[in-house]
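Okay, here's what each chain looks like letter by letter:
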Amino acid sequence: MSKNADEHCIKERLEQLRCHFTWALLIADTEMPDLENRILDEIEFLDTKYNAGIHNLLAYVKHLKGQNEEALESLKKAEELIQQEQADRSHLRSLVTWGNYAWVYYHMGRLAEAQTYLDRVENTCKKCGNGSRYRIECPEMDCEEGWALLKCGGQNYEQAKACFEKALEVDPENPEFSTGYAITVYRLDGFTKETQTNGLSLQPLRQAVRLNPEDVYIKVLLALKLQDVGKEAEGEKYIEEALASKSSQTYVFQYVGRFYRRKGSLDKALQFLKKALQATPTSAFLHHQIGLCYRVQVSQIKRATSSQPRRQDRENVNRMIKSAIFHLDSAVKQKPTFAVAYIHLASMYIEAGDYGTAEDAYQKALSIKPLEEDREQEIHFHYGRFQEFQRKSEVDAITHYLKAIKIEKASYARNKSIDSLEKLALKKFHRNALDVEGLSLLGFIHKLKGEMNEALEYYERALRLAVNSEL
């Protein structure tokens, strides 16, 4: 058989495997540095029983960067950990690692070694009485796929959730499956203001804590979810339990910092966030959280001084604005797809009076592809306000409020855009009752609210004016 034919046969077998190369993990090129940093931080600082998967993911990232020798080193580490951690079911866990080995060797042109690992997969599938030569259906494989999808960002979360659900159907009391599912649902909850307070992840998180009583990472997530649903005092008990442990301290500190930021204890929050940042200086999450603390402190001083801070207060505000900008800018440099961080960064440039750089931040946020619908609505809403109040451009403000509204997903940002558009339309109407655009916008707003009679009245008035102006 020719080398090309041999290569083609191996490729066909490789595509049947269940591993990182066949799971369609969605990773944008711009997200790669942040993903690699998060993986390396997790390897160094997160104390977990489920370590092999993260080394497999690191191997895949190394391959994507063209570093196949380093990928092989990561796979070797994964294999060692599987033998230590999962001795009873190691042959099933090893299928993912062997599949990744086969793919890496294939890309290196080392076909004989790729075939060696394909043979290992095939032999294990035969022993399990599986119908397929190169893939097996079992909850452990679903779990491995779930973890990989979860680590690779928000666009993969729904698929990750489906994987963990499938695994839990087979073994509902499995601690690892339960942990993966709880974290995934928690992440999905956090996408919008509406889902954040719905408590869907509360029961899965409680279940995961019950099955993993020593896992402080899952405890701090439960604390944050309890805070989301108005049970802050109960959440703080879990925060205290997590702090009493010496396990995963860097991870604990970053989520404790977030808890206290949301509680309003900003100095305490900054203390924990800065400790975590010392260990993980490239963390986009931590830079964002610290930036938000300074942003709130700016608002507090301005509120206390009726937006007219003087002398020492003015100096403090300027210092905090600079600190907020530094950390929020660091966050988007580490993670160029961090849309909400761009919104917060723009707001700080507005505070500094630097509208040109605020404009740049909004444009970078709008250029991110793909964007979740609710995040796109949020950017258009804030950019619309920037156009209305800083740029004094009603035309551009209306354009962006409408863009947010025309994305029909129900969200906080869409509702706020409707309110802002209505206020702007009323302003135009009161300034000039014969303003066709103002009347048309008011008709549109009433139509959105289901008030069809009022909508029709405004549309008819606008139409009459438009016709008369053409006569």
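The following paragraphs examine the structure supplied in this document. As a convention, each chain's residues are numbered from 1 in the sequence order in which they are written. With pLDDT at 70 or above as the cut-off, local features in this predicted model cover only qualifying residues; side-chain atom pairs require 80 or more to be listed or tallied, and sums for whole chains, interfaces and linings still use all residues. Side-chain metrics rest on all non-hydrogen atoms present in the structure, leaving aside hydrogens and water.

Comments concerning the environment of Gln207
(1) Moving on: Tracing the backbone through its elements, the reader meets Gln207 in helix α11 (residues 202-211).
(2) Moving on: Taking the C-alpha atoms as reference points, Gln207 and Pro175, 32 residues apart in sequence, are found 8.8 Å from one another.
(3) Moving on: Two residues form a contact once any of their heavy atoms are found within 4.5 Å. Residue contacts for Gln207: discarding those within four places in its chain leaves Pro172, Glu173 and Ser178.
(4) Moving on: Among the polar contacts listed, one links the side chain of Gln207 to the side chain of Arg210, at a separation of 2.9 Å. What counts as a helix is a DSSP run of H or I of at least four residues, what counts as a strand is a run of E of at least two, and both are numbered from the N terminus. Contacts described as polar in this section are N or O atom pairs within 3.5 Å, which, within protein, must combine one atom able to donate a hydrogen with one able to accept it, while residues neighboring in sequence count only if both atoms come from side chains.

Points about the packing of aromatic side chains
(1) Moving on: Centre distance within 6.5 Å is the pairing criterion for rings of Phe, Tyr and Trp, where only the six-membered ring of Trp is used; planes under 30 degrees apart are then read as stacked, over 60 as edge-to-face, and the remainder as tilted. Scanning the model with the defined rule gives 19 aromatic pairs in all.
(2) Moving on: Ring geometry for Phe253 and Phe272: centres 5.6 Å apart, planes at 45°, overall tilted. Here Phe272 lies in helix α15 (residues 266-279) and Phe253 lies in helix α14 (residues 249-263), a separation of 19 residues in the sequence.
(3) Moving on: For Phe272, a relative accessible area of 9% puts it in the buried group. Burial status follows relative accessibility: with a 1.4 Å probe on protein chains alone, a residue under 20% of its type maximum counts as buried, one over 50% as exposed, and anything between as partly exposed.

Considering the pattern of salt bridges
(1) Moving on: Take a side-chain nitrogen of Lys or Arg and a carboxyl oxygen of Asp or Glu: if they are within 4 Å of each other, that pair is a salt bridge. Taken as a whole and assessed by the stated rule, the structure comprises 36 salt bridges.
(2) Moving on: One salt bridge in this structure joins Arg262 and Asp228, with 2.9 Å as the shortest N-O distance. With Arg262 in helix α14 and Asp228 in helix α12 (residues 216-228), this residue pair connects regions lying 34 residues apart in the sequence.
(3) Moving on: Exposure remark for Asp228: the relative accessible area of 13% places this residue in the buried category.
(4) Moving on: Its salt-bridge partner being Lys302, residue Glu351 comes within 2.8 Å of it at the nearest N-O pair. You can see Glu351 sitting in helix α18 (residues 339-351) and its partner Lys302 sitting in helix α16 (residues 284-304), a full 49 residues away along the chain.
(5) Moving on: Since its relative accessible area comes to 29%, Glu351 is described here as partly exposed.
(6) Moving on: Looking at Lys302, the relative accessible area reads 22%, which means it is partly exposed.
(7) Moving on: Through salt bridges with shared partners, a single network forms among Arg18, Arg135, Glu137, Asp142, Glu145 and Lys166.

Digging into α14
(1) Moving on: Taking 1.5 Å per residue as the helical rise, α14 with its 15 residues ought to reach 21 Å, and the 20 Å between its terminal C-alpha atoms agrees with that figure.
(2) Moving on: Burial runs high along α14: 12 of the 15 residues are buried.
(3) Moving on: Thr250, Tyr251, Val252, Phe253, Gln254, Tyr255, Val256, Gly257, Arg258, Phe259, Tyr260 and Arg261 are the residues of α14 that are buried.
(4) Moving on: Looking at the packing, one finds that the buried side of α14 touches α2 (32-45), α9 (175-189), α12, α13 (232-244), α15 and α16.
(5) Moving on: Positive phi appears at Gly264, one or two residues downstream of α14, with a value of about 100°. By this rule, a helix spans an expected 1.5 Å times one less than how many residues it contains.

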